[in-house]
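If you want the building blocks of each chain, they are given just below.
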Amino acid sequence: MKTSETSTQEESSGACPADDLAFDVFSRNCPSRGTLEHVTGRWGSLTIGALHEGAFRFNELRRRVDGVSEKMLSQTLHALECDGLVQREAQPTNPPRVDYELTPLGYEVAERLLGLIRFLEGRMPEVLAARERCDEMRDASAAADSGGSWNDSSRRIGVAQRRQGSSSQP
């Protein structure tokens with residue numbers, strides 16, 4: 001059993017309370033949790049996946065990660081750089097040139113992440129079918145609860161957009 005002194009030391013040092021492991025992502029004070037958030041967040045995973053293709057300049061990377069804002073990409077790159085996953089190299093040219101690329105650790109993370117991405121992309125027909133079933137059950141439930149009218153316009157729009165997106169799938 002841990003004493004309050006041990007628990008206080010762990011909280012102040014950022015150590016993870018774990019029996020056999022040095023780090024435990026399920027512990028709220030473990031620094032690995034922050035890195036996991038950086039890697040698996042929307043922009044982090046897309047940025048790492050793009051950088052797996054090679055080095056990019058900032059605007060090239062922004063175009064590759066479609067939809068990311070300049071601010072979010074900058075914050076994401078900074079977080080990944082601080083975690084040791086991305087290397088930023090400034091070239092002393094006029095105008096200045098900055099390239100971003102994965103570190104060896106970042107490349108290893110990207111390999112694993114891309115495996116998950118490829119798996120999900122390959123299983124999207126199943127995911128889309130499950131979403132459709134879920135939408136149909138919600139539709140039936142909403143119709144029963146409200147006499148056939150929809151009260152939540154934002155849900156209705158989301159369902160319609162999903163249906164439109166799934167119908168354009170091959």
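The structure this text deals with has already been given above.
Description of the structure in this document.

**Focus on the overall build of the protein chain**
Here's step 1: Scanning the protein chain for helices and strands turns up eight helices and three strands.
Here's step 2: Across the 170 residues in the protein chain, those meeting the buried criterion constitute 25%.
Here's step 3: Put simply, 39% of the contacts in the protein chain that link residues at least 6 apart link residues at least 24 apart.
Here's step 4: Summing over all exposed atoms, the protein chain offers an accessible surface of approximately 11800 Å²; the carbon and sulfur share of this is 52%.

**A short note on the packing of helix α2 (residues 31-40) against helix α3 (residues 42-51)**
Here's step 1: Remark: α2 packs on α3, axes separated minimally by 4 Å, with the N-to-C direction vectors making an angle of 70 degrees. If you check the angle between α2 and α3, you find them roughly perpendicular. Along the contact surface, α2 presents His38, Val39 and Thr40, while α3 presents Arg42, Gly44, Ser45 and Ile48.
Here's step 2: Split into classes, the residues belonging to the contact of α2 with α3 amount to two nonpolar, four polar and one charged.

**Notes on the pairing of strand β3 (residues 97-102)**
Here's step 1: Examined bridge by bridge, strand β1 (residues 56-57) and β3 share two bridges and lie antiparallel to one another. Bridged to Arg57 within β3 is Asp99.
Here's step 2: Two successive antiparallel strands, strand β2 (residues 86-91) and β3, enclose a turn made up of five residues.

**Brief notes about the side chain of Ser45**
Here's step 1: If you trace the backbone, Ser45 turns up in helix α3.
Here's step 2: Residues within four places of Ser45 in sequence aside, it is in contact with His38, Val39, Thr40 and Leu113.

**What about the sheet that holds β2?**
Here's step 1: If you walk across this open sheet you meet the three strands as β1-β3-β2, and the pairing is antiparallel. Every other strand in the sheet has two partners, leaving β1 and β2 as the edge strands with one partner each.
Here's step 2: Here α3 sits on the sheet and contacts β1, β2 and β3; the angle it forms with β3, its principal contact strand, is near 95 degrees.

**Some points on the pattern of salt bridges**
Here's step 1: For the structure on display, the rule yields six salt bridges.
Here's step 2: Arg97 is the partner of Asp99 in a salt bridge, and the nearest nitrogen-oxygen pair spans 3.1 Å.
Here's step 3: The exposure class assigned to Arg97 is partly exposed, which follows from its relative accessible area of 33%.
Here's step 4: Taking the shortest distance from any N to any O, the salt bridge between Glu126 and Arg123 comes out at 2.4 Å.

**A look at the nonpolar core**
Here's step 1: Judged by nonpolar contacts, the single largest core of 21 residues is most densely connected at Ile48, Leu51, Leu61, Leu77, Val86 and Tyr100.
Here's step 2: Taken together, the elements giving at least two residues each to this core come down to α3, α4 (58-64), α5 (70-82), β3 and α6 (104-122).
Here's step 3: A per-element tally of this core places α3 first, with four residues.
Here's step 4: Setting aside its immediate chain neighbours within four residues, Leu77 contacts Thr47, Leu51, Phe58, Leu61, Val86 and Tyr100.

**Digging into unusual backbone geometry**
Here's step 1: Geometrically, the link from Asn94 to Pro95 is a cis peptide bond, its omega value of 0 degrees lying close to zero.
Here's step 2: Position of Pro95 relative to the elements: it lies in the loop between β2 and β3.

The rules we used
Position numbers for residues count from 1 along each chain, tracking the sequence in the order it is written. Under the rules for a predicted model, residues below a pLDDT of 70 receive no local features and side-chain atom pairs below 80 are neither given nor counted, while totals for whole chains, interfaces and linings still include all residues. The side-chain numbers reported here are obtained from all heavy atoms of the structure, hydrogens and water having been left aside. Only runs of H or I of at least four residues qualify as helices and only runs of E of at least two qualify as strands under DSSP, and these elements are numbered from the N terminus. Think of it in three bands: with a 1.4 Å probe and only protein chains considered, a residue is buried below 20% of the maximum accessible area for its type, exposed above 50%, and partly exposed in between. Whether two residues are in contact is decided by their heavy atoms: any pair within 4.5 Å suffices. Surface exposure here means Shrake-Rupley accessible area, sampled with a 1.4 Å probe, where a residue is shielded only by the protein chains that are shown. Fitted lines through C-alpha atoms give the axes, limited to the stretch in contact for helices. The angle between two N-to-C directions lies from 0 to 180 degrees. For classification purposes, angles smaller than 35 degrees are called roughly parallel, those larger than 145 roughly antiparallel, those between 65 and 115 roughly perpendicular, and all remaining angles oblique. Under this grouping Gly is polar, as are all residues other than the nonpolar Ala, Val, Leu, Ile, Met, Phe, Trp, Tyr, Cys and Pro and the charged Asp, Glu, Lys and Arg. A pair of strands is labelled paired if DSSP reports no fewer than 2 bridges between them. Salt bridges are defined as contacts in which a side-chain nitrogen from Lys or Arg sits within 4 Å of a carboxyl oxygen from Asp or Glu. To define a nonpolar core, start from buried Ala, Val, Leu, Ile, Met, Phe, Trp, Tyr and Cys residues and group those joined through side-chain atoms within 4.5 Å.

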